[in-house]
Amino acid sequence: MIEYALLFAMGCFGIGLLFNLWRIARGPNPADRILSLDTMVINVIALLVLYGIFRETQIYYEAAMLVAMVGFVSTVAYSRFILRGDIIE
Amino acid sequence: MALWLEIIVSVFLVIGGVFGIVGSFGLVKLRDSMQRLHAPTKATTLGVGGVLIASMIYFGAIKGTLSFHELLITLFLFLTAPITANFIAKSFMARNMKPTDLPDTTRPYGWSVYDDPPGDTEMQEDARLED
């Protein structure tokens, strides 16, 4: 039963990644693109955790934690660059 | 692994997947940029939260000891989601809105997107007076 639930969740987050890619390509202004990239990072975290359950190993937990931190820093840096024209003043 | 644990893990996985796809679909479906800010920052953190709780229960069941370090990612996302939403909204305001469109702040200083922070200007004026 867990296998089917895993496949369902992986499919959901994969389709979500495709939706985010469409919004990045289409997005009328930079804020939409930053938001899509941030959502992409969150979907990738969920996919990493799901893959860890699929392989029955906890190694991917560290990878998910690192992706979460790098994603937050990159989102803040990108919006700060648009906001002030500079990342660290 | 007991059947009731498998059912609980599967329910959390399905809830996480549904919330994840709803968050990403809202990014496509909603019309306005400020509306689109609503969908992913709430629903996707709930989706990741469901997946991480499922992972916690699953590894607790197959290893015999329940560990809570998966909740660190959820805690980190809960802490950072409002900050990223605030920054994205501010960058949208800086690019697409004029200060005359916004209501008055009813404070001695203006909106932080367009004006310098009040502490900074006072310090600059003090430095100017000392010069």
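Every value quoted in this text rests on a predicted model; they were computed, and no experiment measured them. (Residues numbered from 1 in each chain as written. Chains lettered and ligands numbered in written order. Predicted model: local features only at pLDDT ≥ 70, side-chain atom pairs only at ≥ 80, totals over all residues. Heavy atoms only, no water.)

1. Details of the overall build of chain A
Here's step 1: Summing up its helical and strand segments, chain A has 3 helices and 0 strands in all.
Here's step 2: From first element to last, N terminus to C terminus, chain A shows the α and β order α-α-α.
Here's step 3: Expected size for 89 residues packed as a compact globule is a radius of gyration near 12 Å; at 15 Å, chain A overshoots this value by more than 25%.
Here's step 4: By principal-axis analysis of the C-alpha atoms, chain A measures approximately 50 × 30 × 10 Å.
Here's step 5: Residue burial in chain A is summarised as follows: out of 89 residues, 46% are buried.
Here's step 6: Taking all contacts inside chain A whose residues are at least 6 apart in sequence as the whole, residues at least 24 apart take part in 45%.
Here's step 7: Carbon and sulfur atoms make up 70% of the accessible area of chain A, which totals about 4600 Å².
Here's step 8: In chain A, the 6 positive side-chain charges and the 7 negative ones have mean positions that sit 12 Å from each other. (Helix = DSSP H or I, 4+ residues; strand = E, 2+ residues; numbered from the N terminus. Rg over C-alpha atoms; globule rule 2.2 N^0.38 Å. Buried < 20%, exposed > 50% of the residue type's maximum accessible area, 1.4 Å probe, protein only. Contact = heavy atoms within 4.5 Å. Areas by Shrake-Rupley, 256 points an atom, 1.4 Å probe, with all protein chains shown as cover. Lys, Arg positive; Asp, Glu negative; His and termini not counted. Charge placed at Lys NZ, Arg CZ, Asp CG, Glu CD.)

2. Topic: the interface of chain A and chain B
Here's step 1: Taken together, the contacts link 48 residues of chain A with 53 residues of chain B.
Here's step 2: Arg36(B) is the salt-bridge partner of Asp32(A), the closest N and O atoms lying 2.9 Å from each other.
Here's step 3: Connecting chain A to chain B are 8 residue pairs in polar contact (both at pLDDT 80 or more).
Here's step 4: Taken together, the elements giving at least two residues each to the side of chain A that touches chain B come down to α1 (2–26), α2 (30–55) and α3 (60–84) of chain A.
Here's step 5: The leading source of residues in the side of chain A that touches chain B is α2(A), at 16 residues. (Salt bridge = Lys/Arg side-chain N within 4 Å of Asp/Glu carboxyl O. Polar contact = N/O pair within 3.5 Å; in protein donor to acceptor, adjacent residues only side chain to side chain.)

3. Some points on the packing of α3(A) against helix α4 (residues 71–96) of chain B
Here's step 1: Where α3(A) meets α4(B), the closest approach of the two axes is 9 Å, and the angle between their N-to-C directions is 15°. Here α4(B) runs roughly parallel to α3(A), going by the angle between their axes. Two packed elements cross with a definite hand, and for α3(A) against α4(B) that hand is left-handed. Of the residues in α4(B), those touching α3(A) at Tyr61(A), Ala64(A), Met65(A), Ala68(A), Met69(A), Phe72(A), Thr75(A), Val76(A), Ser79(A), Arg80(A), Ile82(A) and Leu83(A) are Leu72(B), Ile73(B), Phe76(B), Thr80(B), Ile83(B), Thr84(B), Phe87(B), Ile88(B), Lys90(B), Ser91(B), Ala94(B) and Arg95(B).
Here's step 2: Among the residues making up the contact of α3(A) with α4(B), the classes are represented as 16 nonpolar, 5 polar and 3 charged. (Axes fitted to C-alpha atoms, helices over the stretch in contact; angles between N-to-C directions. Parallel < 35°, antiparallel > 145°, perpendicular 65-115°, else oblique. Left-handed = near helix turned anticlockwise from the far one by under 90°. Nonpolar A, V, L, I, M, F, W, Y, C, P; charged D, E, K, R; others polar.)

4. Side note on a nonpolar patch on the surface
Here's step 1: Side chains of Met1(A), Leu3(B), Ile7(B), Val11(B), Ile15(B), Phe19(B) and Leu46(B) sit close together on the surface and give an oily, nonpolar patch of about 600 Å² of accessible area.
Here's step 2: Owing to a relative accessible area of 58%, Leu3(B) belongs among the exposed residues under this scheme. (Patch = residues over 30% accessible without salt bridge, like charges linked within 9 Å, V, L, I, M, F, W, Y side chains within 5 Å.)

5. Looking at the UniProt feature "transmembrane region" (unreviewed entry) in chain A
All names here are of chain A.
Here's step 1: The UniProt feature table records "transmembrane region" (unreviewed entry) at residues 6–22, 34–54 and 60–83.
Here's step 2: Helix makes up 100% of residues 6–22 and strand 0%, and the two end C-alpha atoms of the span are 24 Å apart.
Here's step 3: Along residues 60–83 one finds 100% helix and 0% strand; the C-alpha atoms at either end are 34 Å apart. (UniProt positions renumbered as here; feature names shortened; annotations may be inferred.)

6. Digging into the packing of aromatic side chains
Here's step 1: A complete count under the given rule lists 5 aromatic pairs over all chains for this structure.
Here's step 2: Considering the side-chain rings of Tyr51(A) and Tyr60(A), the 5.2 Å spacing of their centres and the 75° angle between planes classify their relative orientation as edge-to-face.
Here's step 3: For Tyr51(A), a relative accessible area of 32% corresponds to the partly exposed category.
Here's step 4: Look at Tyr60(A) and you get partly exposed, because its relative accessible area is 23%.
Here's step 5: An aromatic cluster is defined as three or more aromatic residues linked by ring pairs; in this entry it consists of Tyr51(A), Phe54(A) and Tyr60(A).
Here's step 6: Here the basic side chain of Lys90(B) rests over the ring of Phe87(B), its NZ or CZ set 5.8 Å away from the ring centre. (Phe/Tyr/Trp six-rings, centres within 6.5 Å; stacked < 30°, edge-to-face > 60°. Lys NZ or Arg CZ within 6 Å of the ring centre and 35° of its normal.)

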